[in-house]
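# Geometric and topological summary
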Amino acid sequence: MKALIRSINIDGKTNLRTLESPVLCYIKITSCCMLKCSFCSQSEQVKETMPLEDVKMVLDKLKKEGLATIIYTGGEPLMHNHIVEILKYGKSLGFEQVLVTNLLNLRVNDNEQVLNYINSLGVSLHGVKEVHDKLSNQDGVFDKVVSNIDYVLNNYKNVKVNLNCTLTDMNSNEENMEFLLDFAKKRDIALSLGRLNYIGAGLKYKLLDMSKFLPLVERLKEKYSKIDISNCIARCAVNEKNRYMLHGCGVGVSMISINPNCDVTICPSSSKVLGNLKEKKFKKIWNCKYLQEYRDLKWVPMICKLCKEFESCKGGCHSEESQCFWKDNCDSLVTQRLNKAWHEIEDNKLKLHVSNFRIDGNEYVILKSRVRKTNKIGFEILKSVDGSKTGRELVNGFSKVENIKEFLTTAYIDGILEVRE
C-alpha cells in the first residue's frame, strides 16, 4: 500500500545500494569469555570458537572481495588458542587489524606477540575500579586492565589504544565520566562511549536518556577532544544541538559480521543469519534477498522516511530486538520516542493543526512549515480529526487502513495533529 504520508523532498526511491562490497568486517573468532559482564549483548550466544583453518578461509574470501579492515571480537578474542597466528596471517594479507578485547589475557602464554601484527586495540574500561569490577562481575579486573594498558603504551608505540566504555545507568554519571576523561587524557588516548545494545543481558537495564547524557559529553569534549560516541544513535532521540556528535549505521552497506561458525550477520549484535561462508560465496550472501530488501529501506517507519536528517541517521540501530508496534523497526531509541508519542495521543482527543491543503494530481499537499503529501485515504483520515475522537478511537474507526497507528503518530510528531486542550 502506498504511504499515507510522505515528504515532498523524497521521491520514494531512496536506498542504501551504494557499495558492491563492504570495506569492514567484524569477525567473532570466539564467543567464549572469562568475564560475565552484566550488560553483555552476547550473553546468550552459544560458546564456540572458529577453527584456525576457518579463520584463514574467511580472511582469504574477504581479501578477494577487497575488504580493508578486520575487527576481531568475541567473546574475548585473546582466549583463542591461535590468536597470534591469526593476526600474523591477517597482516600478511595486508588488512588493517583491530583487536577488541578486555586485555586480561594479553601477557598470557605468547599472546603479547599479537601487538606486532595489529594497528589498534579497543580496550573495555567502564569507569572507576569499583564500577568496572562490578559491571564485569569479577574483582580485580580493573587493576589488570590498567596495568596492561600502560604496558602496551610504554612498550608498543606502533599500536593505537582506544578505550571503549559501554554506557549504563550505573556508570554514566558525571563523576565516572570525569574519571574516564582524566584517564584517557593523561595517556593521550581516545575514549569511545557506546550506548548499551538493548539485547541479551542488556535488556535488564533501563534505557539511557541520550538527550540528557550528550550535554555531559559535550562538556567533556571541551576539556579533551578525543572523545566520541562509538555506535549509532537515532538523531530524533537527542537535542538538535548535540546531533553533530552522532553518525549513522553502516551495516549491510559498508560493514558486515561473521560468527564463530562462519554464519554471516548484518552486524555483531544481529541474530539474523544471512548465510554461511563455508557453504556459499561471500558475494552471494552480500547480495541475498534479505539484504537487498534491507537496502531498499522498506522497513523504515514513516517518521524516519520523513525526517530531513535520515540520510545521516539512517534510522538508528538496525539490529536490536524490540516490541514496538512498528514491527519492522528495531532501534529501541526510535521505538522509545514513537511509543511515547502514541501514549500521548491514544487516550486524548485530537484536532487538526493545519487548515490548508492543496490538490496535487491524485494527492493532497499539507501546507505547513514542513510540507507533506498524503493520498486520498490519508486526507479523509485527517479531515475526520475534529477534536471529538482519541487516537485509539481513530485507529478503531479506520481499522482496515494499513499502518493507521503509525500514520497518526507520525502526523502528531510532525505537528499536523495536536492534542485538544
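Above this text is the structure in question.
Residues numbered from 1 in each chain as written. Predicted model: local features only at pLDDT ≥ 70, side-chain atom pairs only at ≥ 80, totals over all residues. Heavy atoms only, no water.

### Re the pattern of salt bridges
Summed over all chains, the structure comprises 17 salt bridges. Note that Asp 54 and Lys 278 form a salt bridge whose closest N and O atoms lie 3.7 Å from each other. Residue Asp 54 is found in helix α1 (residues 52–64), and its partner Lys 278 is found in the loop between β11 (273–276) and α7 (282–286); the two are separated by 224 residues along the sequence. A residue is classified by how much of its surface remains accessible, and Asp 54, at 13% relative accessible area, is buried. Here Lys 241 ties to Glu 218 by a salt bridge, and the two come within 2.5 Å at their closest N and O atoms. Taken together, the residues Lys 241 in the loop between β8 (227–229) and β9 (255–258) and Glu 218 in helix α6 (residues 210–223) connect sequence positions 23 residues apart. (Salt bridge = Lys/Arg side-chain N within 4 Å of Asp/Glu carboxyl O. Helix = DSSP H or I, 4+ residues; strand = E, 2+ residues; numbered from the N terminus. Buried < 20%, exposed > 50% of the residue type's maximum accessible area, 1.4 Å probe, protein only.)

### Notes on empty space enclosed by the protein
Scanning the model with the defined rule gives 1 cavity of 30 Å³ or more in all. Computed from the structure, the largest cavity encloses a volume of approximately 60 Å³. Contributing to the lining of the largest cavity are Leu 167, Thr 168, Arg 195, Leu 196, Lys 206, Leu 207, Leu 208, Met 210 and Leu 333. (1 Å grid on protein atoms, 1.4 Å probe; cavity = no way out; pocket = protein on both sides within 12 Å on 5 of 7 lines; lining within 4 Å. Points joined across faces, edges and corners; volume = space filled by probe spheres on them.)

### Section: helix α2 (residues 83–92)
Among the residues making up α2, those that are buried are Ile 83, Val 84, Ile 86, Leu 87 and Gly 90. The buried side chains of α2 occupy one side of the element, clustering within an arc of 160° when seen end-on. Those residues of α2 that are buried lie in contact with α1, β3 (69–73) and β4 (96–101). Phi turns positive one or two residues past the end of α2, at Gly 94, with a value near 90°. (Arc of directions from axis to C-beta. Contact = heavy atoms within 4.5 Å.)

### Describing the nonpolar core
Judged by nonpolar contacts, the single largest core of 129 residues is most densely connected at Leu 62, Leu 121, Leu 193 and Phe 213. When residues in this core are grouped by element, the largest group, 7 residues, is from helix α4 (residues 141–155). Setting aside chain neighbours within four positions, we find Leu 121 in contact with Leu 99, Thr 101, Leu 103, Leu 115, Val 152, Val 159, Lys 160, Val 161 and Asn 162. (Core = buried A, V, L, I, M, F, W, Y, C linked by side-chain atoms within 4.5 Å.)

### Regarding the environment of Phe 142
Position of Phe 142 among the secondary structure elements: in helix α4. Excluding its chain neighbours within four sequence positions, the residues that come into contact with Phe 142 are Leu 125, Gly 127, Val 128, Lys 129, His 132, Asp 133 and Phe 179.

### What to know about the environment of Ser 271
Within the secondary structure, Ser 271 is located in the loop between β10 (263–265) and β11. By relative accessible area, which is 58% here, Ser 271 ends up exposed. On a C-alpha basis, the gap between Ser 271 and Asn 259 in space is 9.9 Å, while along the polypeptide they are 12 residues apart.

### Overview of the sheet that holds strand β17 (residues 417–419)
The strand order across the open sheet built from 3 strands is β16-β12-β17, with neighbouring strands paired in antiparallel fashion. The strands lining the two open edges of the sheet, one partner per strand, are β16 (386–390) and β17. Between one strand axis and the next, the sheet turns by 35° as a mean value, whatever way the strands run. Here 3 bridges tie strand β12 (residues 349–352) to β17, and the two strands are oriented antiparallel to one another. Within β17, the position partnered with Lys 351 by the bridge is Glu 418. (Pairing = 2+ DSSP bridges. Axes fitted to C-alpha atoms, helices over the stretch in contact; angles between N-to-C directions.)

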